[in-house]
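Tertiary structure, described
Residue-level listing of the chains:
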Amino acid sequence: MKNVLAIYPGSFDPVTNGHLDLIERGAKIFDRLVVSILRNFDKEPLFTIDERVEMLREVTRPWANVEVDAFSGLLVDYARLREANVILRGIRAVSDYEYELQMAMMNRKLNKNVETVFMVPAVSYSYISSSVVREIARLGGSITDFVPPVVEERLRAKIL
Ligand code: PNS
């Protein structure tokens, strides 16, 4: 058996139950899973990188083979640095596919040693995204079913 290190990259602003579902599935099939937050200087995030790292560390504590990290620059360069074999991405619906396919093809062109693996979350999470969760929280709706309790608490504190 090979020792497979997978990177699960994303913005995680904030981490949702959909992300957690994918982390749980990824942690089962890969030897190690690094959940890595992009330091994106183009986007104005709701949570700082440190806040997102803290929340992700807390909610991924049950999995001993899951690590939380942050990266900047090209994902393929980060994958090379971490000696990762796999990039893990979730596909919720057909609408995700076009963008994900383009990214997977481009990443393969840039680094042929990393394979992109797509996983599908439970159908009950298929309509959740961080941006929708942020909007619902901002407008006073309930986000209890969409994010872990620690994230709900922090979202409420941030928005109220
Ligand atoms: O959660 P997101 O915002 O959908 O994640 C997108 C992410 C972080 C995976 C993507 O933007 C990315 O990998 N950015 C790093 C820069 C890079 O490598 N760009 C080329 C992608 S083909």
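For the structure given in this document, a descriptive report is provided here. (Residues numbered from 1 in each chain as written. Predicted model: local features only at pLDDT ≥ 70, side-chain atom pairs only at ≥ 80, totals over all residues. Heavy atoms only, no water.)

So, the site of the ligand
In the vicinity of the ligand, 14 residues are found, and the nearest of them are Gly 10, Ser 11, Leu 75, Arg 89 and Met 103. Within the side chain of Ser 11, an N or O atom sits 2.6 Å from an oxygen atom of the ligand. Alone, the ligand offers 550 Å² of accessible surface; in the complex the protein occludes 75% of this. Given that more than half its atoms are within 2 Å of the pocket grid, the ligand belongs to the largest pocket. Residue assignment for the shell around the ligand shows that the elements contributing at least two residues are strand 1 (5-10) and helix 4 (94-110). Tallying contributions element by element places helix 4 first for the shell around the ligand, with 4 residues. Looking at side-chain class alone, the shell around the ligand contains 8 nonpolar, 4 polar and 2 charged residues. (Near = heavy atom within 4 Å. Polar contact = N/O pair within 3.5 Å; in protein donor to acceptor, adjacent residues only side chain to side chain. Areas by Shrake-Rupley, 256 points an atom, 1.4 Å probe, with all protein chains shown as cover. 1 Å grid on protein atoms, 1.4 Å probe; cavity = no way out; pocket = protein on both sides within 12 Å on 5 of 7 lines; lining within 4 Å. Sits in = over half its atoms within 2 Å of the grid points. Helix = DSSP H or I, 4+ residues; strand = E, 2+ residues; numbered from the N terminus. Nonpolar A, V, L, I, M, F, W, Y, C, P; charged D, E, K, R; others polar.)

Overview of the packing of aromatic side chains
A full pass over the atoms with the stated rule returns 3 aromatic pairs. Both rings, one in Tyr 8 and one in Phe 12, keep their centres 5.2 Å apart while their planes meet at 85 degrees; by these two values the pair is edge-to-face. The residues Tyr 8 and Phe 12 share a single accessibility class, namely buried. Ring geometry for Phe 71 versus Tyr 78: centroids 4.9 Å apart, planes at 20 degrees, classification stacked. Pair check on accessibility: Phe 71 and Tyr 78 agree, each one buried. (Phe/Tyr/Trp six-rings, centres within 6.5 Å; stacked < 30°, edge-to-face > 60°. Buried < 20%, exposed > 50% of the residue type's maximum accessible area, 1.4 Å probe, protein only.)

Nothing here speaks to function; it is geometry throughout.
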